[in-house]
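Read off the chains here:
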Amino acid sequence: MDVPGYGWAQASRSDRAGFRKLVEGYLAARPQLAAVLWLLDLRRDPSADDAAIAEVLAARGVSTLAVLTKADQVPRARRPARLRTVALALGLDEDACVVTSARTLEGMEELRDSVLAFLD
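This section reports on the structure supplied with the text. This structure is a prediction, so every number in the text was calculated from the model and none was measured.

To continue, consider the overall build of the protein chain. The helix and strand inventory of the protein chain stands at 4 helices and 3 strands. Counted from the first residue to the last, the protein chain has its helices and strands arranged as α-β-α-β-α-β-α. Judged by the C-alpha coordinates and their principal axes, the protein chain covers about 35 × 35 × 30 Å. By the burial criterion, 32% of the 120 residues in the protein chain qualify as buried. Of all intrachain contacts in the protein chain linking residues separated by at least 6 positions in sequence, the fraction that spans at least 24 positions is 72%. On the protein chain, roughly 7,800 Å² of surface is accessible, and the fraction owed to carbon and sulfur atoms is 56%. Counting 16 positive and 17 negative side-chain charges, the protein chain places the centres of these two groups 5 Å from one another.

See below:
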């Protein structure tokens, strides 16, 4: 099952702005938060909403792992460039991103290892 993210939600502009406030409020209320896993579609350039969320996460200083999904729908040769594009647009280091595919299970071990590293 897949659900649309905030970028695809059928919501008004003010409702979408509310998503940012929701994230800000959640982060402020959770000082013990170790990290955020941020699911993004590898096929898509980050949106203005994504950039706004990146600013919120950076301001909070919480460790962020961008989980770039749907890798199976991007030719293997194009994946490194897509990863660079997404990371640069969001102000993330490339090593703060993991390319994954639920369909082929690509990147799942790396994702698991990254999540476990946050727990140490």
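On we go from here.
Quick look at the environment of R30 now. Residue placement: R30 occurs in the loop between α1 (13-29) and β1 (35-41). For R30, a relative accessible area of 29% gives the class partly exposed. For R30 and E55, which are 25 residues apart along the polypeptide, the C-alpha to C-alpha distance reads 17 Å.

To continue, consider the environment of A96. On the secondary structure map, A96 appears in the loop between α3 (79-90) and β3 (97-99). On the accessibility criterion, A96 (16% relative accessible area) is buried. Taking the C-alpha atoms as reference, A96 lies 18 Å from S47; in sequence the two are 49 residues apart. Apart from residues no more than four positions distant in its own chain, A96 is found in contact with T64, L65 and A66.

Here we take up helix α2 (residues 48-60). The first and last C-alpha atoms of α2 sit 19 Å apart over 13 residues, in line with the 18 Å expected at 1.5 Å per residue. Looking only at α2, the buried set comprises D50, A52, I53, A54, V56 and L57. The inward-facing, buried residues of α2 contact α1, β1, β2 (63-69) and α3. Two or three places before D49, at the start of α2, stands the capping residue S47, its side-chain oxygen 3.2 Å from that residue's backbone nitrogen. Following α2 by one or two positions, G61 adopts a phi angle in the positive range, close to 75 degrees.

Time to look at the sheet that holds β3. In spatial order, the strands read β1-β2-β3; together these 3 strands make up an open sheet with parallel pairing. Looking at the sheet topology across the chains shown, the edges are occupied by β1 and β3. Strand-to-strand twist in this sheet, taken as the mean axis angle between neighbours without regard to direction, amounts to 20 degrees. When β1 meets β2, the two strands line up parallel, connected through 7 bridges. By the bridge assignment for β2, V36 is matched with T64.

Parameters and conventions
- Residues numbered from 1 in each chain as written.
- Predicted model: local features only at pLDDT ≥ 70, side-chain atom pairs only at ≥ 80, totals over all residues.
- Heavy atoms only, no water.
- Helix = DSSP H or I, 4+ residues; strand = E, 2+ residues; numbered from the N terminus.
- Buried < 20%, exposed > 50% of the residue type's maximum accessible area, 1.4 Å probe, protein only.
- Contact = heavy atoms within 4.5 Å.
- Areas by Shrake-Rupley, 256 points an atom, 1.4 Å probe, with all protein chains shown as cover.
- Lys, Arg positive; Asp, Glu negative; His and termini not counted.
- Charge placed at Lys NZ, Arg CZ, Asp CG, Glu CD.
- Expected span 1.5 Å × (residues − 1).
- Polar contact = N/O pair within 3.5 Å; in protein donor to acceptor, adjacent residues only side chain to side chain.
- Pairing = 2+ DSSP bridges.
- Axes fitted to C-alpha atoms, helices over the stretch in contact; angles between N-to-C directions.

From the geometry alone we can't say anything about function, so treat these as descriptive.
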